[in-house]
Amino acid sequence: MKTARTLLAALALSLMPVAATAQDFPNKPIRLIVPFPAGGPNDIIARVVGQRMSELIKQPIVIDNRGGQGGVLGTDAVAKAAPDGYTIGIVSASSLVINPTLERAPYDVAKDFAPVTLVTTVPEMLVVASNVPAKNMSELIALAKAQPGKLNFASAGVGGLPHLAGELFKLTAGIDIVHVPYRGAAPAINDLLGQQVQMAFLDLPVLLPHIQSGMLRPIALGASQRAPTSPNVPTTAEVGMPDLLIENWYGMIAPAGTPANIVSLLNRVTNEAMSDPQVKQKLADQGLTVAGDTPEHFRGYIGAETKKWTKVIRDAGITAMK
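Now for a quick tour of the structure. Every value quoted in this text rests on a predicted model; they were computed, and no experiment measured them.

Here we look at the packing of aromatic side chains
Within this structure, the stated rule accounts for 5 aromatic pairs. A centroid spacing of 5.3 Å and a plane angle of 75° characterise the contact between Tyr 107 and Phe 113, whose relative ring orientation is edge-to-face. For Phe 113, a relative accessible area of 4% puts it in the buried group. Pairing Trp 249 with Tyr 301 gives two aromatic rings, centres 5.4 Å apart and planes at 80°, and the pair type is edge-to-face. Here Trp 249 is found in strand 9 (residues 247-255), whereas its partner Tyr 301 is found in helix 12 (residues 295-316), with 52 residues between them in sequence. Each of the two residues, Trp 249 as well as Tyr 301, counts as buried. Among the aromatic residues, ring-to-ring pairing joins Trp 249, Phe 298 and Tyr 301 into one connected group. Above the face of the Tyr 86 ring, Lys 28 is positioned so that its terminal group lies 4.7 Å from the ring centre.

A few points about the pattern of salt bridges
All told, the structure shown has 10 salt bridges when counted by the stated rule. Across the pair Asp 64 and Arg 31 runs a salt bridge whose closest N-O atoms are separated by 3.2 Å. Residue Asp 64 is located in strand 2 (residues 61-65), and its partner Arg 31 is located in strand 1 (residues 30-34); the two are separated by 33 residues in the primary sequence. The closest approach of N and O atoms between Arg 52 and Glu 55, which form a salt bridge, is 2.9 Å. Of this pair, Arg 52 and Glu 55 both sit in helix 2 (residues 41-57), 3 residues apart, roughly one helical turn. A relative accessible area of 43% means that Glu 55 is categorised as partly exposed. Salt bridges sharing partners connect three or more residues here, namely Arg 31, Asp 64 and Arg 66.

The rules behind the values
Residues numbered from 1 in each chain as written. Predicted model: local features only at pLDDT ≥ 70, side-chain atom pairs only at ≥ 80, totals over all residues. Heavy atoms only, no water. Phe/Tyr/Trp six-rings, centres within 6.5 Å; stacked < 30°, edge-to-face > 60°. Buried < 20%, exposed > 50% of the residue type's maximum accessible area, 1.4 Å probe, protein only. Helix = DSSP H or I, 4+ residues; strand = E, 2+ residues; numbered from the N terminus. Lys NZ or Arg CZ within 6 Å of the ring centre and 35° of its normal. Salt bridge = Lys/Arg side-chain N within 4 Å of Asp/Glu carboxyl O.

Read these as geometric descriptors, not functional statements.
In structure tokens form, the structure reads like this:
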């Protein structure tokens, strides 16, 4: 009996620092890991939302850019950090869904992270080069079916979301178009403008200037609603392809084992920051749509996205990233 009491007392003492940390949180700066270099969408989101979060919690939020391996290195740093709420990350579909599915990640998404909230989404838009005669989705599909294996679609790299979007388009429409991977969106767009490739799914913000100039023709937006920046472009659902829903997304995570009340506080503060009109406008200027949800919903969302893209990867026969 004495031994049992001693063990219980020791356990209680061992839990006291965790409890105290949870009650006092936050009492020092929080490190927000961005798994990509400065200037990209993850970084912009982290700085815009992080600044407002810092004002709300009255503690600095320090941005830590950890680029490499398509977001894997920075995301792994979050997984291996102390689970005390003082290290969190802004990650994307590539590091939580696509890379792990392609066995490119040293972490287990289901076991190594505590989801905090979905932060923003950005739709992928299907565009064609100006010399492609198709003016809408039905004409594009008809053109592809009339010339199997003759039309190309560009992507920002093998295994990225634009690549998977093109593969899902092929599977959904029952067409044969050829994937042409590039090292990033910029060279893919350059060859679209130069009419070296015929079409691509890419993030809406990087396409907007070329759509507005008339150099690229929009076909459909892979989102549930039309974009305010492109109100005349129909969604994939509106053109009869509701399963062709393709949105990139960014979310906040913490290491697994982070106390539930700290995760809850981070969720509450992040969502409050995103509800700020200035934050919303700054993100909208980048073509980003504010999301926000609960940790439980975000975990389910990650699971659903993983199931969806795992099937596409398997059905398309994608086995490696380049």
